[in-house]
Amino acid sequence: MKEWQGISEFVAVAELGSFSKAAKVLAISVAQVSRTVLQLEQRLNCKLVLRTTRQVRLTEQGTLYYQHCRALVNGLQQANQLLTSLQHEPSGAIKITAPVYYGEQFIAPLLHEFLLRYPKVQVDLQLTNDQLDLVQGGFDCAIRLGNLTDSSLQAKALGKRTLYLCASPDYLQKFGTPATVAELHQHRCLVGSVDFWRFEQQGQKLQFKPQPYLRCNSGVALTDAVLKGLGITQLPDYYLKPFLEDGRLVALLPEQQPSDEGIWALYPLNRHLPVKVRLLLDWLQQGLESFPKRTG
């Protein structure tokens, strides 16, 4: 059916803003993408894409046409995924990104178990603390931690994390224990990549900007520093839990501890979620819920 020719290529160009990026995602040549979109414009007798040496953008007609074409592509993807799901075993590639430490400690082990359960699936896991563009990078989903800011992505809650303010007993014996958030100004603060520490008091959210005695963008390094008595830090529970339980660290200001934050899987808003990805996200959700039991 000629009416379908060029639709996938046009949608990819519209979403990625580039013929070369669309060609890379579709695994075809740039010339083929350009030729197919041009043929689509000729059949419609309408200019859909404005091409310049610096950018590619949609015309007004192209924007309207894209909105309807996206729905058609979603429907085609759903039909394809329905047939795949009827085979009872997911297959194909899944590309996912996650933060480095959390990915190493929690996501990767669960992915390995998922691959043992579904051997026809292949996973490309990229661990980075940078928030990559999912569409341009061709990612199916991303694992993000904490409060979300990008409203252009669909979010699925996988779990929660708790932030703890803590110090070692040796540090507290030497420098005293802060009784209020304001007293933290008098202490040595070990700070990560976040400029503000978060607290809550009587339902009100509070922020405190610590003056760094030590700044480091590694939670592992900050955990080592706080264990050695260098100061006070605020980190998620997955760095601190065993040390809080065995007494090597002491939780501070528990009455001002902030509410739990989310652990999320994000994927593009207008994209149909393939069955294999939906299975993986459900697997991660169930696995992350069981991790406290696994680690004791």
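Scroll up to find the structure this text is about.
Residues numbered from 1 in each chain as written. Predicted model: local features only at pLDDT ≥ 70, side-chain atom pairs only at ≥ 80, totals over all residues. Heavy atoms only, no water.

K.L.:
Help me understand unusual backbone geometry in this model?
P.N.:
Negative phi values dominate among residues other than glycine, just as trans dominates among peptide bonds. Phi is positive for asparagine 45, which is not a glycine, with a value near 55°. Structurally, the position occupied by asparagine 45 is in the loop between helix H3 (30–44) and strand E1 (49–51). Judged by relative accessible area, which is 71%, asparagine 45 ranks as exposed. In this structure, leucine 253 is a non-glycine residue whose phi angle is positive, near 45°. With respect to the helices and strands, leucine 253 occurs in the loop between strand E13 (250–251) and strand E14 (261–268). (Helix = DSSP H or I, 4+ residues; strand = E, 2+ residues; numbered from the N terminus. Buried < 20%, exposed > 50% of the residue type's maximum accessible area, 1.4 Å probe, protein only.)

K.L.:
Could you clarify how one ought to interpret the environment of glutamine 256 in this entry?
P.N.:
With respect to the secondary-structure elements, glutamine 256 resides in the loop between E13 and E14. The exposure class assigned to glutamine 256 is buried, which follows from its relative accessible area of 8%. Every residue in contact with glutamine 256, bar those within four places of it in the chain, is listed here: Val181, Phe199, Glu200 and Gln201. (Contact = heavy atoms within 4.5 Å.)

K.L.:
What's the story with the sheet that holds strand E3 (residues 92–98) in this structure? I'm lost.
P.N.:
The pairing of strands in a sheet happens through backbone hydrogen bonds and is either parallel or antiparallel. As summarised here, the arrangement of the five strands in space is E4-E3-E5-E14-E6, forming an open sheet in which the pairing is mixed. Each of the sheet's edge strands pairs with one partner strand only, and the pair in question is strand E4 (121–127) and strand E6 (153–161). Across the sheet, the mean angle separating the axes of adjacent strands is 20° when strand polarity is ignored. Where E6 lies against E14, eight bridges are found, and the strand directions are antiparallel. What sits directly across from lysine 156, in E14, is alanine 265. Where helix H5 (residues 100–117) meets the sheet, its contacts fall on E3, E4, strand E5 (141–145) and E14, and the angle it forms with E4 comes to roughly 175°. (Pairing = 2+ DSSP bridges. Axes fitted to C-alpha atoms, helices over the stretch in contact; angles between N-to-C directions.)

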